[in-house]
Amino acid sequence: CICTCALHFSSIASSSHRQEARRTGEIGMLFCASSKALLIGSAFLVVQSRSLSLIASKSLSRDEARHVVDHALCPIHQERERNLAALEAYGGVPASITNDDPRTEYTYGEFPYNSVDELVDRSQKYVTRRDDDGRTNFVDLGSGSGRLVFYQCLTRRNWETHGIEISQQFHDLALGSCAVGHAEGFFGPDTGQPDASRLAFHHGNALGVEDEFFAHTRSEDNERIQRVLSTAHILFAYSSVWETERTQPFSQDLQAMILSSKWSERLAEVCPQGCVAITTDRALSPDFGWKLVDRADVDNPSLFGSTGFISVLEK
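Residues numbered from 1 in each chain as written. Predicted model: local features only at pLDDT ≥ 70, side-chain atom pairs only at ≥ 80, totals over all residues. Heavy atoms only, no water.

With that out of the way, let us pick up the overall build of the protein chain. On a plain count of helices and strands, the protein chain comes out with 8 helices and 15 strands. A total of 315 residues make up the protein chain; the buried ones form 56% of that total. A sequence separation of at least 24 residues applies to 72% of the contacts in the protein chain between residues at least 6 apart. Carbon and sulfur atoms make up 50% of the accessible area of the protein chain, which totals about 14300 Å². (Helix = DSSP H or I, 4+ residues; strand = E, 2+ residues; numbered from the N terminus. Buried < 20%, exposed > 50% of the residue type's maximum accessible area, 1.4 Å probe, protein only. Contact = heavy atoms within 4.5 Å. Areas by Shrake-Rupley, 256 points an atom, 1.4 Å probe, with all protein chains shown as cover.)

Let us now look at the nonpolar core. Among the nonpolar cores identified, the biggest contains 37 residues, and Leu-73, Phe-150, Leu-154, Phe-187 and Leu-199 are the most heavily contacted of them. At 6 residues, the largest contribution of residues to this core is made by helix 5 (residues 147–155). For Leu-73, the contacting residues outside a window of four places in its chain are Val-68, Phe-150, Leu-154, Ser-177, Val-180, Gly-181 and Phe-187. Residues Val-228, Trp-263, Leu-267 and Leu-284 belong to the second largest nonpolar core, which totals 23 residues. (Core = buried A, V, L, I, M, F, W, Y, C linked by side-chain atoms within 4.5 Å.)

What follows covers the packing of helix 7 (residues 222–230) against helix 8 (residues 261–270). Relative to each other, helix 7 and helix 8 sit at 80 degrees, their axes nearing to 8 Å. Comparing their axes, helix 8 and helix 7 come out roughly perpendicular. Residue-level inspection shows Gln-226, Leu-229 and Ser-230 of helix 7 in contact with helix 8, the latter providing Arg-266, Leu-267 and Val-270. Within the contact of helix 7 with helix 8, the residues separate by chemical class into 3 nonpolar, 2 polar and 1 charged. (Axes fitted to C-alpha atoms, helices over the stretch in contact; angles between N-to-C directions. Parallel < 35°, antiparallel > 145°, perpendicular 65-115°, else oblique. Nonpolar A, V, L, I, M, F, W, Y, C, P; charged D, E, K, R; others polar.)

It is worth spelling out the packing of aromatic side chains at this point. Here the structure, examined in full by the defined rule, presents 7 aromatic pairs. Aromatic ring contacts, followed pair by pair, group Phe-111, Phe-236 and Tyr-238 into a single cluster. (Phe/Tyr/Trp six-rings, centres within 6.5 Å; stacked < 30°, edge-to-face > 60°.)

Three or four residues apart is the spacing at which side chains of an α-helix point the same way, because the helix has 3.6 residues per turn. The end-to-end C-alpha separation of helix 6 (residues 168–183) is 23 Å, in line with the 22 Å expected for 16 residues at 1.5 Å each. Taking burial as the measure, the 16 residues of helix 6 include 12 buried ones, the bulk of the element. Here helix 6 starts with a cap whose side-chain oxygen sits 3.2 Å from the backbone nitrogen of Gln-169, and that cap is Ser-167. One or two residues past the end of helix 6 sits Gly-185, with phi positive at roughly 85 degrees. (Expected span 1.5 Å × (residues − 1). Polar contact = N/O pair within 3.5 Å; in protein donor to acceptor, adjacent residues only side chain to side chain.)

Using the criterion set out here, one finds 15 salt bridges in the structure. The residue Arg-82 makes a salt bridge to Glu-110 at a minimum N-O spacing of 2.7 Å. Taken together, the residues Arg-82 in helix 3 (residues 79–90) and Glu-110 in the loop between helix 3 and helix 4 (113–123) connect sequence positions 28 residues apart. For the pair shown, Arg-82 and Glu-110 are each scored as buried. Notably, a salt bridge pairs Glu-118 with Arg-122, separated by 3.9 Å at the nearest N-O pair. Of this pair, Glu-118 and Arg-122 both sit in helix 4, 4 residues apart, which is roughly one turn of that helix. Accessibility expressed as a relative area gives 29% for Arg-122, which makes it partly exposed. Each of the salt bridges in this network shares a partner with another, and the network as a whole consists of Arg-62, Arg-66, Asp-117, Asp-121 and Arg-156. (Salt bridge = Lys/Arg side-chain N within 4 Å of Asp/Glu carboxyl O.)

Attention shifts here to the side chain of Ser-123. Mapped onto the fold, Ser-123 is located in helix 4. At 2.7 Å, the side chain of Ser-123 forms a polar contact with the backbone oxygen of Val-120. Residues contacting Ser-123, with those up to four places away along its chain left out, are Ile-234, Val-276, Ile-278 and Ile-310.

Once that is clear, we can look at the pairing of strand 7 (residues 159–165). The two faces of a sheet get side chains in turn, since along a regular strand they alternate between them. With 7 of 7 residues buried, strand 7 lies mostly within the body of the structure. Side chains Trp-159, Thr-161, Gly-163 and Glu-165 project from strand 7 onto one buried face, and the interleaved Glu-160, His-162 and Ile-164 project onto a second face that is buried too. When strand 6 (residues 136–141) meets strand 7, the two strands line up parallel, connected through 6 bridges. Note that in strand 7 the partner of Asn-137 across the bridge is Glu-160. (Pairing = 2+ DSSP bridges.)

For Asp-195, which is not glycine, the phi dihedral falls at a positive 70 degrees. When you line up the elements, Asp-195 lands in the loop between strand 8 (187–189) and strand 9 (198–203). You can call Asp-195 partly exposed: its relative accessible area is 39%. A positive phi angle, near 55 degrees, is found at Gln-255, a position not held by glycine. Along the chain, the position of Gln-255 falls in the loop between strand 11 (250–251) and strand 12 (256–257).

Quick look at the side chain of Thr-161 now. Mapping Thr-161 onto the fold places it in strand 7. With residues up to four places along the chain from it excluded, the contact list for Thr-161 reads Phe-138, Val-149, Gln-152, Cys-153, Arg-198, Leu-199 and Ala-200.

On to the confidence of the model for the protein chain, then. Averaged over all residues, the pLDDT of the protein chain is 80; the fraction at 70 or higher stands at 73%. Below a pLDDT of 50 lies the segment residues 1–49, which in the model reaches 85 contacts outside its immediate sequence neighbourhood of four places, other chains included. (pLDDT = per-residue confidence, 0-100.)

Written as structure tokens, this is what we have:
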């Protein structure tokens, strides 16, 4: 079961402190040896291991969800802090990151909502399987602070939305935003309600190996991450600066830059037959069974536009 959260109510926090915390948007974080507790007013959300699962209290329109994410969960005015968290995650400084630096895979960027909507909407016609209850499993690979996971969960009914993030700093930010979302009534504990969309965050390495820039990434949550990927119907990766294939970075046949085989091969191994993968500005390699079925040029102001590639896994 991916539901790993429990709610415990306490009178420890005073009424005045709760009001001040709510007014400023401050969420206190407490840590202990076996779990992580996030203060939500007078409630403690206890997150066991490294995963968290909640449900959306109700579906919102896209405009409503954007407002919630941009002003409550991942506020626009805190984007600079999120960028600094990315640098802190691997000990980088802006001047040290160049185009050929492998750490560019871990730099932070925020993909536009309208662009991810267009790509996810297009991808759905290629999904040939659903869970027995009709649920769609969506995975954001490299989910950062959880912005797009929150958005998909709030706007898609009966979806299972997962965020996989290697950085502890960003995972903590996502958990903090979950606490805000629960306090504001946007999310609640997962008790098995039918048709409700669920969200879950997982901290670890999707490749299942230790990463040189992140110590101890072969965590106890990596097995859970592999299970999540093994049931993915739609996989999204904002891969615009991810490492390309070294021997042949550009495919003449696809007219596209090709992602490193470490991604194409590993995802082909763990993802299910028929998985639909959306990648940006780099396509997955057909050498490992990824068939490019669609592409679209979409808005992305930070890169003067992006191309989304939609590939289907044919094992």
